[in-house]
Amino acid sequence: PGTYLQLFGNITTYQISDVYYFSKSDLDGGPGDETDIIKVRFNDGGTADISGSIKFRLPTDPDKRQLIHRDFKNYQTLKHDLIRQVVAEALMQTAPLMKAEDSYSTRRSEFTDIAEDQVVQGVFETISKEFKEKDADGNEFIVAEVNIKKDEKNNPVIRKESSLKQYGIEVIQFVIKD
């Protein structure tokens, strides 16, 4: 912030805090269209179109701000190429941790919490186990169970650090609406 002499240079402005919507339509409370939704696949093969929003704050550290500008060049690119990609990756990595039915009924808040943790901290490492079950007719089928790998202190093992963390971007609010 402040007054600067432009001379022959360009001035690029960035908002300090903003909301990025990954929504189906304007009815979700923000701008969006069908291309903004994030598609995921659950461990039972079910799919979903997820819509919601993330409120974020850019860093006040001048070095981090310059790094953001060097890497993204403008605010719209920052929102699309960083914020959206981090959210999409977190949602796609969270979906295999549960069945589609669980994500919208009994474990909906857990889904949101895990996704937000992955947006803030980074992508968690997972462990997959397969076991056999029988259906009502007695037919055997293989079920895959995916869980978050934990360290000795029972914290999730982070496979890939969040890009938001690397740039010093703070997540203020993360909401999954549908």
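Above this note sits the structure.
Residues numbered from 1 in each chain as written. Predicted model: local features only at pLDDT ≥ 70, side-chain atom pairs only at ≥ 80, totals over all residues. Heavy atoms only, no water.

1. Points about the overall build of the chain
Inference 1: The helix and strand tally for the chain stands at 5 helices and 9 strands.
Inference 2: Tracing the chain from N to C terminus, the helices and strands come up as β-β-β-β-α-α-α-α-β-β-β-β-α-β.
Inference 3: For the chain, buried positions account for 33% of its 178 residues.
Inference 4: Of the roughly 11,100 Å² of accessible surface on the chain, 48% is carried by carbon and sulfur atoms.
Inference 5: Of the charged side chains in the chain, 24 are positive and 31 negative, and the gap between their average positions amounts to 4 Å. (Helix = DSSP H or I, 4+ residues; strand = E, 2+ residues; numbered from the N terminus. Buried < 20%, exposed > 50% of the residue type's maximum accessible area, 1.4 Å probe, protein only. Areas by Shrake-Rupley, 256 points an atom, 1.4 Å probe, with all protein chains shown as cover. Lys, Arg positive; Asp, Glu negative; His and termini not counted. Charge placed at Lys NZ, Arg CZ, Asp CG, Glu CD.)

2. Concerning the pairing of strand β4 (residues 52–57)
Inference 1: Where strand β1 (residues 17–22) lies against β4, 6 bridges are found, and the strand directions are antiparallel. Counted as the bridge partner of S17 is R57 from β4.
Inference 2: Two strands pair when backbone bridges link them, and β4 and strand β9 (residues 170–176) are joined in this way by 6 bridges, in the antiparallel orientation. Each bridged residue has a counterpart across the sheet, and for G52 the counterpart in β9 is I176. (Pairing = 2+ DSSP bridges.)

3. Examining the packing of aromatic side chains
How two aromatic rings sit relative to each other is given by the distance of their centres and the angle of their planes.
Inference 1: Scanning the model with the defined rule gives 4 aromatic pairs in all.
Inference 2: Both rings, one in F42 and one in F111, keep their centres 6.1 Å apart while their planes meet at 50°; by these two values the pair is tilted. Here F111 lies in helix α4 (residues 108–120) and F42 lies in the loop between β2 (38–41) and β3 (47–50), a separation of 69 residues in the sequence.
Inference 3: Of the residues examined, F111 reaches a relative accessible area of 4% and is grouped as buried. (Phe/Tyr/Trp six-rings, centres within 6.5 Å; stacked < 30°, edge-to-face > 60°.)

4. Digging into unusual backbone geometry
Only a minority of non-glycine residues have a phi that is not negative, and only a minority of peptide bonds are not trans.
Inference 1: Phi is positive for K73, which is not a glycine, with a value near 70°.
Inference 2: A positive phi angle, near 65°, is found at N154, a position not held by glycine.
Inference 3: When you line up the elements, N154 lands in the loop between β7 (140–148) and β8 (158–161).

5. Regarding the pattern of salt bridges
Inference 1: Using the criterion set out here, one finds 8 salt bridges in the structure.
Inference 2: For D102, the salt bridge identified is with R107, shortest N-O distance 4.0 Å. (Salt bridge = Lys/Arg side-chain N within 4 Å of Asp/Glu carboxyl O.)

6. Concerning the sheet that holds β4
Note on sheets: strands pair through backbone hydrogen bonds, and any given pair is parallel or antiparallel.
Inference 1: Strands sit in the order β1-β4-β9 across an open sheet of 3 strands; the sheet is antiparallel. Each edge of the open sheet is held by one strand with a lone partner, namely β1 and β9. In this sheet, neighbouring strand axes are inclined to one another by 15° on average, regardless of whether the strands run parallel or antiparallel.
Inference 2: In this fold helix α2 (residues 75–94) packs onto β1, β4 and β9, with an angle of close to 55° to the strand it touches most, β1.
Inference 3: Here α4 sits on the sheet and contacts β4 and β9; the angle it forms with β9, its principal contact strand, is near 150°. (Axes fitted to C-alpha atoms, helices over the stretch in contact; angles between N-to-C directions. Contact = heavy atoms within 4.5 Å.)

7. Considering the packing of α2 against α4
Inference 1: For the pair α2 and α4, the least separation of the axes is 8 Å and the interaxial angle reads 135°. As far as their axial angle goes, α4 and α2 are oblique. You can see that α2 and α4 cross each other, and the crossing is right-handed. Residue-level inspection shows V86, V87, A90, L91, Q93 and T94 of α2 in contact with α4, the latter providing F111, I114, A115, Q118 and V119.
Inference 2: Each residue belonging to the contact of α2 with α4 can be placed in one class, and the counts come to 8 nonpolar, 3 polar and no charged. (Parallel < 35°, antiparallel > 145°, perpendicular 65-115°, else oblique. Left-handed = near helix turned anticlockwise from the far one by under 90°. Nonpolar A, V, L, I, M, F, W, Y, C, P; charged D, E, K, R; others polar.)

8. Thoughts on the nonpolar core
Inside soluble globular proteins, nonpolar side chains tend to come together where they are buried.
Inference 1: Ranked by internal contacts, the top residues of the largest apolar core, which has 33 residues, are L78, L91, V119, I169 and F174.
Inference 2: The leading source of residues in this core is α2, at 9 residues.
Inference 3: Excluding its chain neighbours within four sequence positions, the residues that come into contact with L78 are Y14, L58, I68, F72, I83 and I169.
Inference 4: Core analysis: the second largest hydrophobic core is formed by 5 residues, L97, I114, F124 and I148 among them. (Core = buried A, V, L, I, M, F, W, Y, C linked by side-chain atoms within 4.5 Å.)

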